[in-house]
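# Examining the three-dimensional arrangement
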Amino acid sequence: KPTLPPTPTSNFVYESLTDSDPAYVNANLILSKLAVINRAWKNSADKEGLSEQLRNDVMGVSSDQEYLAGMITQCVLQMGRHTLHFTQLAIDRFFNIFADLFTSEQAKLKCILAVTEFWSLVPQKLVFSISHLLQLGILDCNSILLWVFKPETRKQMVSHSYIWDILGSMLCFFKREMVRLGLETQELRELKERLALVDSEEGSLMGEPPTNEKIRQHCKQLQDIEHTLEEFFFVFFSRCLTCLNDYVIQCKADDQAFRTYWFSTLSQ
């Protein structure tokens, strides 16, 4: 009998619960609300009203934000589980409605754990979902690092390459943002300089010159991203060193060799 990898299916954790379980009832209630709003969304001009209605219905399920964060994440992914395109549409459509639910680090961590549990057998969709949530601003560097260095995740850093794919995707996203903001800032400065050299009649045809405030905003956004990356690298390498130190101490206590593949991967 051939050895085959696990079937790449999603894992909606509430599906296996019994009808009497409150979590099963709440998850199916949220799913039904999402489905109703999703159908109405296509033909409605009042998308703001639908969003507010959905938010009020779902937030009434529980007052525990962390509990809701994990449940909403699983339900939204369940709605878009069939293809990457549907996954992206579901995330774009519903996560912005509940953005303020994911403000605390613990709520963001619950979101990541819900994604990893849902796509535990489909690492490509796992990486895609977390990367997209990062781009939307639902997740941030701190929450991803908090998840990466959890004891149970840390053990998978060598055996599961998707963790490194997520970190690489995060760095690529910030690099693209830095390049984009850098180019836009440069273009705004050059446009302002060009408009300052032409007469008022010709300048009016070229449009309004960018204000100093707009240029400062772009510069601030660029500085914020640079600061975020600096903080990310500092925390990441600090925690890597801590992991290596703990590992060496444990190996010496157990009288085992510490120069393993795991040690070489983290220390390079």
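Residues numbered from 1 in each chain as written. Predicted model: local features only at pLDDT ≥ 70, side-chain atom pairs only at ≥ 80, totals over all residues. Heavy atoms only, no water.

Where charged atoms from two side chains of opposite charge approach closely, those side chains can pair. What the rule picks out here adds up to 7 salt bridges. One salt bridge in this structure joins Asp100 and Arg55, with 2.8 Å as the shortest N-O distance. With a gap of 45 residues between them, Asp100 in the loop between helix 4 (84–94) and helix 5 (105–118) and Arg55 in helix 2 (residues 47–59) connect regions that are remote in the sequence. A relative accessible area of 41% means that Asp100 is categorised as partly exposed. Of the charged contacts, one joins Arg180 and Glu184 as a salt bridge, the two residues approaching to 3.1 Å between their closest N and O atoms. Separated by 4 residues within a single helix, Arg180 and Glu184 lie in helix 9 (residues 162–197), roughly one turn from each other. On the basis of relative accessible area, Arg180 is assigned to the partly exposed category, the value being 35%. A single network of salt bridges, built from pairs that share partners, joins Glu177, Arg180 and Glu184. (Salt bridge = Lys/Arg side-chain N within 4 Å of Asp/Glu carboxyl O. Helix = DSSP H or I, 4+ residues; strand = E, 2+ residues; numbered from the N terminus. Buried < 20%, exposed > 50% of the residue type's maximum accessible area, 1.4 Å probe, protein only.)

Moving on, we get to the environment of Met59. Locating Met59 in the fold gives a position in helix 2. In this structure Met59 comes out as partly exposed when scored by relative accessible area, which is 25%. C-alpha separation for the pair Met59 and Leu101, spaced 42 residues apart in sequence, amounts to 9.3 Å. Ignoring any residue separated from it by four or fewer positions in sequence, one finds Met59 in contact with Leu68, Phe98 and Leu101. (Contact = heavy atoms within 4.5 Å.)

By the element assignment, Lys125 lies in helix 6 (residues 123–136). As a buried residue without a salt bridge, Lys125 has its nearest oppositely charged side chain in Glu15, at a separation of 14 Å. A polar atom in the side chain of Lys125 sits 3.0 Å from the backbone oxygen of Arg81. When near neighbours in sequence (up to four residues on either side) are disregarded, Lys125 contacts Arg81, His82, Thr83, Leu84 and Trp119. (Lys, Arg positive; Asp, Glu negative; His and termini not counted. Polar contact = N/O pair within 3.5 Å; in protein donor to acceptor, adjacent residues only side chain to side chain.)

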